[in-house]
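# An overview of the molecular structure
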Amino acid sequence: MTFLGTGTSSGVPMIGCSCDVCRSTDSRDTRLRPSIHVNVPGQASILIDTTPDFRQQALTAGIERVDAILFTHSHADHILGLDDIRRYNWIQGGPIPCYAAPVTWDDIRRTFHYAFDGVQRMGGGIPRIDRHDIDGPFAVGPVRVVPVPLWHGDAPILGFRFGTFAYLTDCNRLDDRAWELVDGVETLVIDALRDKKHSTHFTVAEALEVIARLTPKRAYLTHMSHDLGHAATSARLPAGVDLAYDGLVLDVHVDVE
Ligand SMILES: [Zn+2]
Ligand SMILES: [Zn+2]
Ligand SMILES: [Zn+2]
């Protein structure tokens, strides 16, 4: 899997900010909006979320096809790049299967109404989306995916587990059902916005508490704000826990049916 973006909704650097992290020359302090690509060679190319930076992320990571897009939730930093799947519609000659909870689809349909309203328009194309509602575990080709219920403030959202890998972005609490679903995970990616308490995101300390309870072999923090400089924050993390950064590639084990 590749981290396409590891920043919070504003990205890092933030527009108009001259703090040390926003002016950092360490490339790991440049964070696009949060997304990952899970590529199971010869089996499935799976994208989680389509950020406002999606086009640049796809170019940088060299993503040549997309077999499915999984949406965690409908916040702008996770969906606004959806129009750019038009290129994959063209390359692959059809709609792209997209998976989301019904509540997320309601927002996607409203935001990208022109892709759903059936109105014929002159000129440019529309993203062609094959809607799949998530109501339990499912498979993308042979790759098994387990949705993990999370709380993002008072909004229910989804994390995803593939084999021994789980991606839990945008959350400040795991649902009671989630603990069992992520039990035994060896590689955990989890939200850690900053150190200061936040109403919808884990702090670094809170993320470390979840990691301590789940005891994965390795854990990576994501969705970071400019409060967390890469080098300084990394230096104070316990063994086996690291900050993710854009472009970081991990080998993970997925379940293939
Ligand atoms: Zn977000
Ligand atoms: Zn800043
Ligand atoms: Zn969010």
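See above for the structure.
First things first, this report covers the structure right here in the doc. (Residues numbered from 1 in each chain as written. Chains lettered and ligands numbered in written order. Predicted model: local features only at pLDDT ≥ 70, side-chain atom pairs only at ≥ 80, totals over all residues. Heavy atoms only, no water.)

### Regarding the overall build of the chain
The condition is simple: Helix and strand labels come from DSSP, where a helix needs a run of H or I of at least four residues and a strand needs a run of E of at least two; each type is numbered from the N terminus. Here the globule rule reads 2.2 Å times residues to the power 0.38, and the radius of gyration is calculated from C-alpha atoms. Whether a residue is buried, partly exposed or exposed follows from its accessible area with a 1.4 Å probe, protein chains only, as a fraction of its type maximum: under 20%, in between, or over 50%, in that order. A contact between two residues is defined here by any heavy atoms of the two lying within 4.5 Å. Under the convention used here, a 1.4 Å probe and the Shrake-Rupley method define accessible areas, while residue burial counts only the protein chains that appear. Charge counting treats Lys and Arg as positive and Asp and Glu as negative, with His and both chain ends excluded. Where a charge lies is defined by one atom per residue type, namely NZ (Lys), CZ (Arg), CG (Asp) and CD (Glu).
From N to C terminus, the chain includes seven helices and 14 strands. The globule rule puts the C-alpha radius of gyration for 257 residues at 18 Å, and the 18 Å found for the chain is close to it. Expressed along its principal axes, the backbone C-alpha trace of the chain runs to roughly 55 × 45 × 35 Å. Counting the 257 residues in the chain, one finds 53% classified as buried. Of the contacts made within the chain by residues no fewer than 6 positions apart, 62% connect residues no fewer than 24 positions apart. Carbon and sulfur atoms make up 50% of the accessible area of the chain, which amounts to about 11,800 Å² in all. Each charge sign in the chain was given a centre, from 24 positive and 33 negative side chains, and these centres are 3 Å apart.

### Comments concerning the coordination of the zinc ion (ligand 3)
The condition is simple: In this listing, donors mean N, O and S atoms no farther than 2.8 Å from the metal, or 3.2 Å for Na, K and Ca; water is missing from the atoms, so a site can look incomplete. Sites are called tetrahedral only when four donors show all angles between 85 and 135 degrees, square planar or octahedral only when four or six donors show opposite pairs over 155 degrees and all other angles between 65 and 115, and irregular in any remaining case.
For the zinc ion (ligand 3), the full set of protein donor atoms is His73 (NE2), His75 (ND1), His152 (NE2) and Asp170 (OD), at a range of 2.2 to 2.4 Å. Taken together, the four donor atoms coordinating the zinc ion (ligand 3) and their angles of 89 to 174° define a geometry best described as irregular. Separation of the zinc ion (ligand 3) from the zinc ion (ligand 1) amounts to 3.4 Å, with Asp170 serving as a shared donor to the pair.

### Concerning the coordination of the zinc ion (ligand 1)
Protein coordination at the zinc ion (ligand 1): the donors are Asp77 (OD), His78 (NE2), Asp170 (OD) and His223 (NE2), at 2.1 to 2.3 Å from the metal. Metal-centred angles of 92 to 162° between the four donor atoms at the zinc ion (ligand 1) mark the site as irregular. Read in sequence order, the donor residues coordinating the zinc ion (ligand 1) give the pattern D-H-x91-D-x52-H. Residue Asp77 is classed as buried on the basis of its relative accessible area of 7%.

### Some thoughts on the pairing of strand 9 (residues 155–162)
Our working definition: Between any two strands, pairing holds if DSSP finds at least two bridges.
Counted residue by residue, strand 9 has six buried out of eight residues, so it is predominantly covered. Sheet topology note: the strand 9/strand 10 (residues 165–168) ladder contains three bridges and is antiparallel. Bridging across to strand 10, Arg161 finds its partner in Ala166. Where strand 9 hands over to strand 10, the hairpin turn is made up of two residues, of which Gly163 adopts a positive phi near 55°.

### Brief notes about the side chain of Arg33
Along the chain, Arg33 falls in the loop between strand 1 (2–5) and strand 2 (35–40). In this structure Arg33 comes out as buried when scored by relative accessible area, which is 18%. When residues no more than four places from it in sequence are discounted, the contact partners of Arg33 are Gly5, Thr6, Gly7, Thr8, Ser9, Ser10, Gly11, Thr51, Pro52, Asp53, Gln57 and Asp77.

### Looking at the nonpolar core
Definition in use: Within this scheme, the nonpolar core is defined by two criteria: the residues are buried Ala, Val, Leu, Ile, Met, Phe, Trp, Tyr or Cys, and they are joined through side-chain atoms within 4.5 Å.
Formed by 28 residues in total, the largest nonpolar core has its most connected members in Phe3, Leu70, Val140, Phe160, Phe162 and Phe165. Looking at this core, the elements that each hand over two or more residues are strand 2, strand 3 (44–48), strand 4 (68–70), strand 7 (138–140), strand 8 (143–152), strand 9 and strand 10. Val148, Phe202, Val204 and Leu228 belong to the second-largest nonpolar core, a separate cluster that totals 27 residues.

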